[in-house]
Amino acid sequence: MIAQNILAANDGSKVYIALDHLASPTEDGASLEVALPSGFAFRLRIYHDRERKLLEDVINDKASLPFQKAEAEKGLTVHLQRFLHAPAHHSSISNVHFRHVGFSPTVRLIKRWFSSHLLAPFISTELIELVCAHVFLTSDSQSKPNTGPAGFARTMAFLSEWDWKCEPLIVPVHSIAGVDPTITLHFPSEKVEAVNSAFKERRAVDPGMSAGAWHIATEEELTGVFWCMEGRGPTPMIADRVKTLAKASWTHIAKEAEPNDLGVKALFNHPLTDYDFIIHLDPNVLPRYSQNAFADESVWTGKMRPINLQTGVTEEVMLDYDPARDFVDDLQRAYGDTMLFFYDRMGGTVIAGLWNPLLRQPKPFRALLGYSSCADGQKVQYENV
């Protein structure tokens, strides 16, 4: 009925029922994909507050088996992110957009920077937006950036200096609604104490930061963990990498004082010498290749352009179709305990990988290892295959 009403009200629209093949039985795995003639596309889902109650009942039920509780906890996390935390976040970020004219272009440049340096799979869009919001909402002596390049430079400077191991990031994104842009907002002192207490407790419980490195809090999320855990935030290794790359970018910006002399593309050119292996992808079959910072336009204008452009064949609309991204996600799911994959989700043509260093260390042999092993002199060294 919903699809019929959409088609009747919007001539030329396309509507599809989509199922998430990776969703567990406790997750909302069905949606309605809508493509409008104007080119905009949406994914519609049905929200019911009863779903949260049912999942919490399974988690709190002493009779529930461990695997049932684990599935319910996963489903509850998806439900909270999709229907509560994400809408609240996007609403608050919209307020920052209307308050500061340079915010949106800054976010786009920072997202492009993270993706160019193959870090987009490890840091959620929401975290990037919160980091940029901090630059615009912080109560320091500097004037707020009015352009995207200025905001980009300030964000690079902040990321190069932020001691995330010892300092939480506090962003007052919810308090700015309806407040005059000339007024500098301050995080309520009682909430600052709550954030610092949550940060100290988190570091005491997890000193190795295995559940996530960054700690970013807002007025509505004082624990500072929702967007920083469960794969939405960086691990310590990725956080260190972000800081190192930001330092290099900020050094390059600071050295090139004259805007006309600044080699802008150098900020988005990522070296591949530090990886253990590189997988090269054919740009002719990448639907997002045009977004690549160093795209070769001969790919879609020359003789080797994609087959559908040569023949004029148009296929059915496939919303959010990105085979390279899905391929990287599949690799990470299958071999995540063995290696780590890096990829530029904005038209990247390479997948870079690092082996888990622990797997290269000789270990004593035991039966039923689950993977191949090879003898190393008098010892036995086994490796994942």
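About the criteria used
- Residues numbered from 1 in each chain as written.
- Predicted model: local features only at pLDDT ≥ 70, side-chain atom pairs only at ≥ 80, totals over all residues.
- Heavy atoms only, no water.
- Pairing = 2+ DSSP bridges.
- Helix = DSSP H or I, 4+ residues; strand = E, 2+ residues; numbered from the N terminus.
- Axes fitted to C-alpha atoms, helices over the stretch in contact; angles between N-to-C directions.
- Expected span 1.5 Å × (residues − 1).
- Bend = angle between axes of the 7 residues up to and from the residue.
- Buried < 20%, exposed > 50% of the residue type's maximum accessible area, 1.4 Å probe, protein only.
- Patch = residues over 30% accessible without salt bridge, like charges linked within 9 Å, V, L, I, M, F, W, Y side chains within 5 Å.
- Areas by Shrake-Rupley, 256 points an atom, 1.4 Å probe, with all protein chains shown as cover.
- Salt bridge = Lys/Arg side-chain N within 4 Å of Asp/Glu carboxyl O.

## What about the sheet that holds strand E2 (residues 30–35)?
Part 1 of the reasoning: The 3 strands lie next to each other as E1-E2-E3, forming an open sheet whose pairing is antiparallel. Lying at the two open borders of the sheet, with one neighbouring strand each, are strand E1 (14–19) and strand E3 (41–44). Between one strand axis and the next, the sheet turns by 20° as a mean value, whatever way the strands run.
Part 2 of the reasoning: As judged from the 4 bridges shared by E2 and E3, these two strands associate in the antiparallel manner. Opposite Glu33, over in E3, you have Arg43 as the bridge partner.

## Some points on helix H3 (residues 66–99)
Part 1 of the reasoning: End to end, H3 covers 47 Å across 34 residues, agreeing with the expected 50 Å (1.5 Å per residue, within 8%).
Part 2 of the reasoning: Residue Gln81 marks the point of greatest curvature in H3, where the axis turns by about 45°.

## Concerning unusual backbone geometry
Trans peptide bonds make up the majority, and among non-glycine residues the majority have a negative phi.
Part 1 of the reasoning: The phi torsion at Met209 lies on the positive side, around 55°, for a residue other than glycine.
Part 2 of the reasoning: Counting through the fold element by element, Met209 comes out in the loop between helix H7 (189–205) and strand E5 (216–217).
Part 3 of the reasoning: We classify Met209 as buried; its relative accessible area is 10%.
Part 4 of the reasoning: The backbone of Asp320 shows a phi angle near 55°, a positive value even though the residue is not glycine.
Part 5 of the reasoning: With respect to the secondary-structure elements, Asp320 resides in the loop between helix H10 (307–311) and helix H11 (323–335).

## Description of a nonpolar patch on the surface
Part 1 of the reasoning: A cluster of nonpolar side chains, namely Ile2, Phe40, Phe42, Leu44 and Ile46, defines an oily patch on the protein surface of about 540 Å² accessible area.
Part 2 of the reasoning: Assignment of secondary structure puts Ile2 in helix H1 (residues 2–9).
Part 3 of the reasoning: On the basis of relative accessible area, Ile2 is assigned to the partly exposed category, the value being 49%.

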